Amino acid sequence: MKKILITGGAGFIGSHLCKRLLDEGNDLICVDNYFTGSKENISGLFKSPYFEVLRHDVCFPLYVEVDEIYNLACPASPIHYQHDPVQTTKTSVHGAINMLGLAKRINARILQASTSEIYGDPEIHPQKEEYWGNVNPIGPRSCYDEGKRCAETLFFDYQRQHKLDIKVVRIFNTYGPNMHPNDGRVVSNFIMQALQNQDITIYGDGTQTRSFCYIDDLVNGMIKMMTSSSKVIGPINLGNPTEYKIIDLAKIIIELTKSKSTIINKNLPVDDPMRRKPDISEAKSSIDWEPSTELKDGLKQTIDYFKTKLK
């Protein structure tokens, strides 16, 4: 039984990771300050004697004894991370410093949940890990984009300077149950609007693309990365390489929900990427991972979850 710390453990991705690792027989410490995470996401785990929850902000040091650390703490949707951009940057940077310091003190392996936002509005397609990105350092999304980029810098400097056992994954658009209904992301937006027969809002003309990875596939990839050889440190892209236009995603969700919604268009937000698709050849070769969930199958599970939020 490994003792594992998960920061941001009550969030969308963190809650699924907590459940999976607990089901696999590990002893878990879930850390969250509940800015975007929810106790409801992890309430089903409270009965386990091997699941412990700490209300804590990773901007402040934490002293625990664990074998592994998954660092997921940071608001990840534009609505949430732009609410307090200074705090968002602090969470990414100070949080990384504190968790890396903890890992160094206790000699624990640590995984950083980085993001496809590292690539900004990419000039190459699909995005490979070697690409340095096209990021606006002073725009409204910079608190998240640059915060995550700096966190990666810290992880690799700790690896080079202190020989720390690190893992870095870059997460592309992920969806599934436990998403926040009002997080402003395209999947949750469209599903909530469709279920209520409201206008489905598309920013721009809908030809911009995204690649959507179901949460179970992503969690598989994160665990495979954490348990891989110490020589595999990343960064490694985790996402679904199948690309969809936003307009097509809206039509699929209208079909699956049998909604009467109509599609309307609004102006594209500043620095919103036009194309986003991971090259996952490194994940395939290094950790033997690729997603297996079809978009419609994952959306059906997600729609069923959001229906419970409207009761």
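Structure: see above.
Residues numbered from 1 in each chain as written. Predicted model: local features only at pLDDT ≥ 70, side-chain atom pairs only at ≥ 80, totals over all residues. Heavy atoms only, no water.

Q: Explanation requested: the packing of aromatic side chains in the structure shown.
A: Where two aromatic rings form a pair, the distance of their centres and the angle of their planes describe that pair. Within this structure, the stated rule accounts for six aromatic pairs. Between F46 and F51, the ring centres sit 6.3 Å apart and the planes meet at 25°, which makes this aromatic pair stacked. Judged by its relative accessible area of 8%, F51 falls in the buried class. On the numbers, 6.1 Å between centres and 35° between planes, the contact of Y119 with F172 is tilted. Placement of the pair is Y119 in the loop between β5 (109-115) and α5 (142-162) and F172 in the loop between β6 (166-171) and β7 (174-175), with a sequence separation of 53 residues. Members of the aromatic cluster, connected to one another through ring pairs, are Y119, Y131 and F172. In this structure, K39 packs its charged tip against the face of Y34, placed 5.6 Å from the ring centre. (Phe/Tyr/Trp six-rings, centres within 6.5 Å; stacked < 30°, edge-to-face > 60°. Buried < 20%, exposed > 50% of the residue type's maximum accessible area, 1.4 Å probe, protein only. Helix = DSSP H or I, 4+ residues; strand = E, 2+ residues; numbered from the N terminus. Lys NZ or Arg CZ within 6 Å of the ring centre and 35° of its normal.)

Q: What's the story with the environment of E52 in this structure? I'm lost.
A: Checked against the element boundaries, E52 lands in strand β3 (residues 51-55). Among the residues examined, E52 registers a relative accessible area of 38% and is labelled partly exposed. Among all residues touching E52, those that are not within four sequence positions of it are L28, I29 and C30. (Contact = heavy atoms within 4.5 Å.)

Q: Sorry if this is basic, but what is going on with helix α7 (residues 215-226) here?
A: Because each turn of an α-helix spans 3.6 residues, side chains separated by three or four positions in sequence point in the same direction. The end-to-end C-alpha distance of α7 is 17 Å, a good match for the 16 Å that twelve residues give at a rise of 1.5 Å each. Counting buried residues in α7 gives nine out of twelve residues, a clear majority hidden from the surface. Restricting attention to buried positions, one finds in α7 the residues I215, D217, L218, V219, G221, M222, I223, M225 and M226. (Expected span 1.5 Å × (residues − 1).)

Q: Could you clarify how one ought to interpret a positive patch on the surface in this entry?
A: Side chains of K258, K300, K307 and K311 sit close together on the surface and give a patch of like positive charge. Tracing the sequence through the fold places K311 in the segment after α10 (295-309). (Patch = residues over 30% accessible without salt bridge, like charges linked within 9 Å, V, L, I, M, F, W, Y side chains within 5 Å. Areas by Shrake-Rupley, 256 points an atom, 1.4 Å probe, with all protein chains shown as cover. Salt bridge = Lys/Arg side-chain N within 4 Å of Asp/Glu carboxyl O. Lys, Arg positive; Asp, Glu negative; His and termini not counted. Charge placed at Lys NZ, Arg CZ, Asp CG, Glu CD.)

Q: Quick question: what am I supposed to make of the nonpolar core here?
A: Generally speaking, nonpolar side chains in soluble globular proteins are found buried as a group. Formed by 61 residues in total, the largest nonpolar core has its most connected members in Y70, M222 and L299. Aside from chain neighbours lying at most four places away, what touches L299 is Y175, V187, I191, L249, I252, I253 and L256. Core analysis: the next-biggest nonpolar cluster, separate from the first, contains 27 residues, L5, V66, L100 and I110 among them. (Core = buried A, V, L, I, M, F, W, Y, C linked by side-chain atoms within 4.5 Å.)

Q: What am I meant to see in the pattern of salt bridges here?
A: Two side chains carrying opposite charge are able to pair once their charged atoms lie near each other. One pass over the full model with this rule turns up 15 salt bridges. The residue R185 makes a salt bridge to D183 at a minimum N-O spacing of 3.5 Å. Overall, R185 belongs to the partly exposed group, its relative accessible area being 25%. Residue E255 is joined to K296 by a salt bridge in which the shortest nitrogen-to-oxygen separation is 3.3 Å. Linking E255 in helix α8 (residues 246-257) with K296 in helix α10, this pair joins segments that are 41 residues apart in sequence. Look at E255 and you get partly exposed, because its relative accessible area is 46%. The exposure class assigned to K296 is partly exposed, which follows from its relative accessible area of 36%.

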